Amino acid sequence: MNAPAETPLSEATVRFLAQPKKMLIGAEWRDALSGRTLESRNPATGDVIATFPAAAAADVDLAVQAARAAFSGKEWGKARPIDRERWLLRLADRVEANAQELAEIETLDNGKPLMFARRVDVQQAVDFLRYVAGWCTKIEGSTLTPSVPALRKNEYFAYTLREPVGVVGAIIPWNFPLLIAVWKIAPALATGCTIVLKPAEETSLAALRLAELVLEAGIPAGVVNVVTGLGHEAGAALAAHRGIDKVTFTGSTEVGKRIGKAAMDNMTRVSLELGGKSPVIMFDDVDVKSAAAGAANAIFFNSGQVCAAGSRLYVHKRVFDQVLEGVVAVANKMRVGPGLDPGSQIGPLVSAKQLQRVTGYIRKGVEEGGSLLAGSAESADKGYFIKPTVVTGLGEQATLIQEEIFGPVLVATPFDDIDEIAAAANATPYGLAASIWSNDLSRVHRLIPRIQAGTVWVNCHGVLDNAMPFGGYKQSGIGREMGRSMIDLFTETKSVMMQL
Ligand code: ADP
């Protein structure tokens, strides 16, 4: 095999990688108090690309204090909505101006193809910042007309205020490191909160670069703090900290439950965007070729490391074989390679741990009687690469149908009628998303209300919009991010009743 042709890194990225990595706490760039560090590895090679601080509870405490001081401080507290809007727009401009560097950092740290890092992660982060900036001036309560019983003589005036929830603790995963950081920071700032962000230990670099851009944008010190470290140390300390008013988490259901329990002990507000096992449902009127491409894209994008990935494919039995053949053909043709190689369509998995987990699932699928139609449990000698994998022949209770894998592994199953598919679609603990593929409107509309999922796509999958609420039913989480609903997550409602 020839060495892949890799896009050379920009000077800015080389400079960023060479500089020592510190956490942003208040106005200061700090090492961990313990002096401990963690390593970041390039998933395409396994090589260490940077070291960064490993925060513990004492560092988290400093960050929470800085966020509290900024929240109570004059500059942020007295800022008008339009000032916050300008800060967010300036941050969007800084992210856009540094798009190539941020995309390269994302590819080096997470493994994803550079083109996706640039066009999806960074572009969506810019768009989201601008979308949320517009909300700053549009947060409002309501006026009410009370009907207080037994006090007919009195007159009342009643209204509601929306107030920032306070100091936010955000804990995020490694699949879209920059974008999810922005999904947390932007609504916190729009509503007047301050934030302590803990990125995932696998991919902390983009958040540290973003923190530099936050300061360049003129956002007051302490409004955004970034602490890096391990989940069970820095993450757990943040979730359990009495000084935060809200915790927002995106990640696995298992960790989400732990964070939710820790938060509840302090009555900290909590929103959780968790795992999924999203069904892709194709009826017999689909165009086989485009349906196969759609199903492949639904699972293989970002190497399947997507909470809403279409990991269960259900196809009507009349067209099952043809669609499956198409999906297998796409899977076999996809180019797996380093994210910096412009020819790569699928990058490596994020870490050796994730590679082990995903290959373990593939082996389990075979043990439980599944047939591998594409891919395998084999991995490359160097880097965390794995081929797009398609499995069939598994029953409803099979591990690969029930559990979230978070890798490029699709399980395909035929179905016969709408009752059967409605039941199968809902037969996992998750309820994040689903897609229905058909042009038979009445069939589609009959099925949508029967699907327990926060998002249902029709004739597409994984299409998010800044204005569209996103979140899960069942074990896929609590709360809806994006759109108007994100404002609810970062504000308290105060009811005011006044006797005139
Ligand atoms: P994965 O298992 O795929 O790494 P996680 O859900 O464990 O995904 O990780 C998402 C985020 O949660 C990361 O930032 C990680 O550091 C953090 N995390 C992991 N364990 C805990 C914990 N016990 N408390 C708080 N945060 C945690």
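The model shown is predicted, which means the values in this text are computed figures rather than measured ones.

Caption draft 1: Focus on the overall build of the protein chain. Scanning the protein chain from N- to C-terminus turns up 17 helices and 22 strands. Its C-alpha radius of gyration of 24 Å places the protein chain within 12% of the 23 Å reference for a compact globule of 500 residues. Reported as C-alpha extents along the three principal axes, the dimensions of the protein chain are approximately 70 × 65 × 35 Å. In the protein chain, buried positions account for 56% of the 500 residues.

Caption draft 2: A look at the pairing of strand β7 (residues 167-171). Within β7, five of the five residues are buried, which leaves the element mostly enclosed by the surrounding structure. Side chains V167, G169 and I171 project from β7 onto one buried face, and the interleaved V168 and A170 project onto a second face that is buried too. Across five bridges, the pairing between β7 and strand β8 (residues 194-198) is parallel. When the sheet's bridge partners are listed, I171 is paired in β8 with K198. Read as a crossover between parallel neighbours, the route from β7 over helix α7 (residues 177-190) to β8 is right-handed. Bridging between β7 and strand β10 (residues 246-250) involves four bridges; their strand directions are parallel. Its bridge partner being in β10, G169 is matched across the sheet by V247.

Caption draft 3: Representation of the pattern of salt bridges. Applying the stated criterion across every chain yields a total of 26 salt bridges. For R80, the salt bridge goes to D83, with nearest N and O atoms at 3.0 Å. A salt bridge links D284 to R443, with the shortest nitrogen-to-oxygen separation between them at 3.4 Å. With D284 in the loop between β12 (279-282) and α11 (288-300) and R443 in helix α16 (residues 441-447), the pair connects residues that are 159 residues apart, well separated along the chain. Taking the relative accessible area as the measure of exposure, D284 reaches 21% and is therefore partly exposed. Sharing partners across several salt bridges, the network here consists of D284, D285, R318, D440 and R443.

Caption draft 4: Summary view of the site of the ligand. Taken together, 17 residues are adjacent to the ligand, and I172, K198, E201, G231 and S252 come closest. At a separation of 3.4 Å, a nitrogen atom of the ligand approaches a polar backbone atom of A236. Between S252 and the ligand, the recorded distance is 2.7 Å, taken from a side-chain N or O atom to an oxygen atom. Here the ligand has 550 Å² of accessible area as a free molecule, and 84% of this is covered by the chains. When grouped by side-chain class, the residues that make up the shell around the ligand number nine nonpolar, four polar and four charged.

Caption draft 5: Region of the structure containing a nonpolar patch on the surface. Where nonpolar side chains cluster on the molecular surface, the patch consists of F157, M498 and L500 and spans about 290 Å² of accessible area. Among the secondary structure elements, M498 is positioned in strand β22 (residues 491-499). Residue classification places M498 among the partly exposed residues on the basis of a relative accessible area of 35%.

Caption draft 6: Broad picture of the sheet that holds strand β18 (residues 433-437). If you trace the seven strands from one edge of the open sheet to the other, you get β14-β15-β16-β13-β12-β18-β19, paired in mixed fashion. Either end of the sheet is taken by a strand with one partner, and the two such strands are β14 (371-374) and β19 (455-458). Neighbouring strand axes in the sheet, compared pairwise and without regard to direction, differ in orientation by 25° on average. Where β12 lies against strand β13 (residues 312-316), four bridges are found, and the strand directions are parallel. Its bridge partner being in β13, M282 is matched across the sheet by V315.

Caption draft 7: Seen up close, the packing of helix α1 (residues 11-18) against helix α5 (residues 99-110). Between α1 and α5, whose axes approach to 8 Å, the crossing angle comes to 55°. Here α1 is positioned oblique relative to α5, judged by the angle of their axes. As α1 runs across α5, the sense of the crossing is right-handed. When α1 is examined against α5, the residues A12, T13, F16 and L17 are found in contact with a partner set consisting of E101, E104, I105 and L108. Broken down by class, the residue content of the contact of α1 with α5 amounts to five nonpolar, one polar and two charged.

Caption draft 8: Structural view of the side chain of S438. On the secondary structure map, S438 appears in the loop between β18 and α16. A relative accessible area of 3% means that S438 is categorised as buried. A polar atom in the side chain of S438 sits 2.9 Å from the side chain of D285. Engagement of the side chain of S438 in a polar contact is seen with the backbone nitrogen of D440, the distance being 3.0 Å. For S438, the residues in contact, after removing those within four places along its chain, are F283, D285, V286, R443, V444, V458 and N459.

Caption draft 9: Quick look at the sheet that holds β22. Sheet architecture is open: three strands sit in the order β5-β6-β22, paired in antiparallel fashion. Two strands in the sheet have a free side with no partner beyond their single neighbour: β5 (143-144) and β22. Alignment of strand β6 (residues 156-164) against β22, held across nine bridges, turns out to be antiparallel. Residue pairing for β22: A158 is matched across the bridge by M497.

Conventions adopted
- Here the residue numbers are simple positions, counted from 1 along each chain's written sequence.
- In view of the model being predicted, local features appear only for residues whose pLDDT reaches at least 70, and side-chain atom pairs are presented and counted only at 80 or more, with totals across whole chains, interfaces and linings using the full set of residues.
- Calculated side-chain values reflect all of the structure's heavy atoms, with hydrogen atoms and water omitted.
- Going along the chain from the N terminus, every DSSP run of H or I of four or more residues is numbered as a helix, and every run of E of two or more is numbered as a strand.
- For a compact globule the rule gives 2.2 Å times the number of residues to the power 0.38, and the radius of gyration it is set against comes from C-alpha atoms.
- Each residue is placed in one exposure class: buried if its accessible area under a 1.4 Å probe, protein chains only, is under 20% of its type's maximum, exposed if it is over 50%, and partly exposed if it falls in between.
- Two strands pair under a simple rule: DSSP has to find at least two bridges between them.
- For crossovers, right-handed means that the path from the first strand over the helix to the second runs clockwise, given strands pointing away from the viewer.
- When a carboxyl oxygen of Asp or Glu is within 4 Å of a side-chain nitrogen of Lys or Arg, the pair counts as a salt bridge.
- In these notes, residues near a molecule or strand are those with any non-hydrogen atom within 4 Å of it.
- Counted as a polar contact is a pair of N or O atoms within 3.5 Å, where, for protein atoms, one must be capable of donating a hydrogen and the other of accepting one, and residues adjacent in sequence contribute only when both atoms are in side chains.
- Only the protein chains shown count as cover for residues, and the accessible areas themselves come from Shrake-Rupley with a 1.4 Å probe.
- Gly is put with the polar residues, along with every residue not named as nonpolar or charged; the nonpolar set is Ala, Val, Leu, Ile, Met, Phe, Trp, Tyr, Cys and Pro, and the charged set is Asp, Glu, Lys and Arg.
- A patch consists of residues whose relative accessible area exceeds 30% and which take part in no salt bridge; residues with like charges are grouped when within 9 Å of each other, and nonpolar side chains (Val, Leu, Ile, Met, Phe, Trp, Tyr) when within 5 Å.
- What counts as an axis is a line fitted to C-alpha atoms, over the stretch in contact for a helix, and the angles between N-to-C directions run from 0 to 180 degrees.
- Geometric relationships in this document are graded by angle, where less than 35 degrees denotes roughly parallel, more than 145 denotes roughly antiparallel, 65 to 115 denotes roughly perpendicular, and other angles denote oblique.
- What makes a crossing left-handed is the near helix being turned counterclockwise from the far one by less than a right angle; a clockwise turn instead makes it right-handed.
- Note on contacts: a residue pair qualifies if any of its non-hydrogen atoms lie within 4.5 Å across the two residues.

Interpretation in functional terms is not warranted from these geometric data alone.
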